[in-house]
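# Coordinate analysis (summary)
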Amino acid sequence: MRPYIREKKDFSFSEVPENTSFEAGYLTTVNSGWRSIRPVIKEKCVGCEQCYLYCPDGVISVKDGKAAIDYDFCKGCGICAKICKIGAIEMEAERK
Ligand code: SF4
Ligand code: SF4
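Residues numbered from 1 in each chain as written. Chains lettered and ligands numbered in written order. Predicted model: local features only at pLDDT ≥ 70, side-chain atom pairs only at ≥ 80, totals over all residues. Heavy atoms only, no water.

### Looking at the nonpolar core
When a protein is soluble and globular, its nonpolar side chains tend to lie buried together. Core analysis: the biggest nonpolar cluster contains 17 residues, and Cys51, Val59, Ile60 and Ile89 have the highest contact counts within it. Sorting the residues of this core by element identifies helix 2 (50–54), strand 2 (60–63), strand 3 (66–69) and helix 3 (79–83) as the ones contributing at least two each. Once you skip the residues sitting within four places of it in the chain, Val59 turns out to touch Thr20, Leu27, Ala68, Ile69, Asp70, Phe73 and Cys74. (Core = buried A, V, L, I, M, F, W, Y, C linked by side-chain atoms within 4.5 Å. Buried < 20%, exposed > 50% of the residue type's maximum accessible area, 1.4 Å probe, protein only. Helix = DSSP H or I, 4+ residues; strand = E, 2+ residues; numbered from the N terminus. Contact = heavy atoms within 4.5 Å.)

In structure tokens form, the structure reads like this:
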């Protein structure tokens, strides 16, 4: 049996949609209720879109050169904070 090889497609960064999964219609149930920490975007964000590409829930968008998080659907996993090379995302306690 031959392995399935996905067709190779070249695309530029400008072709990647910048909206969230909710805006695209893929998320319908708010799931933020069990989050204990939340990512907070700091002023030094340069809009590089790495966090957008790595967020497993697709809840980050990049608007006006800055990342923005849809807190209705963010589960607080912290992957975005780990992937941001300049430390522009800090995880903060949900309740203080
Ligand atoms: S990875 Fe960091 S610098 Fe890049 S868009 Fe996300 S928060 Fe901003
Ligand atoms: S904490 Fe997790 S779910 Fe929330 S924005 Fe970051 S990567 Fe996405």
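### Examining the environment of Ala88
Checked against the element boundaries, Ala88 lands in the loop between helix 3 and strand 4 (89–93). In the structure, Ala88 is positioned 48 residues away from Val40 in sequence and 8.2 Å away in space, judged by C-alpha atoms.

### Observations concerning the site of ligand 2
Around ligand 2 sit Pro39, Cys55, Pro56, Val59, Ile60, Cys74, Lys75, Gly76, Cys77, Gly78, Ile79 and Cys80, and those are all the residues in its vicinity. Taking a 2 Å distance to the grid points as the criterion, the majority of the atoms of ligand 2 fall inside the largest cavity. Class assignment for the residues of the shell around ligand 2 results in nine nonpolar, two polar and one charged. (Near = heavy atom within 4 Å. 1 Å grid on protein atoms, 1.4 Å probe; cavity = no way out; pocket = protein on both sides within 12 Å on 5 of 7 lines; lining within 4 Å. Sits in = over half its atoms within 2 Å of the grid points. Nonpolar A, V, L, I, M, F, W, Y, C, P; charged D, E, K, R; others polar.)

### A few points about the layout of surface pockets
Of the pockets and cavities examined, the largest pocket occupies roughly 150 Å³. Lining of the largest pocket is provided by 16 residues; of these, Cys45, Val46, Cys48, Cys84 and Ile86 occupy positions nearest its centre. (Points joined across faces, edges and corners; volume = space filled by probe spheres on them.)

### Structural notes on the site of ligand 1
Around ligand 1, the neighbouring residues are Cys45, Val46, Gly47, Cys48, Glu49, Gln50, Cys51, Ala67, Cys84, Ile86, Ala88 and Ile89. In a pocket analysis with a 2 Å cut-off to the grid points, ligand 1 is assigned to the largest pocket. Taken together, the residues of the shell around ligand 1 break down into nine nonpolar, two polar and one charged.

### Here's the deal with a nonpolar patch on the surface
A surface patch of nonpolar side chains, about 380 Å² in accessible area, is lined by Phe13, Leu53, Tyr54 and Ile79. Tracing the backbone shows Phe13 in the segment before helix 1 (21–24). (Patch = residues over 30% accessible without salt bridge, like charges linked within 9 Å, V, L, I, M, F, W, Y side chains within 5 Å. Areas by Shrake-Rupley, 256 points an atom, 1.4 Å probe, with all protein chains shown as cover. Salt bridge = Lys/Arg side-chain N within 4 Å of Asp/Glu carboxyl O.)

Distances and angles like these do not, on their own, reveal function.
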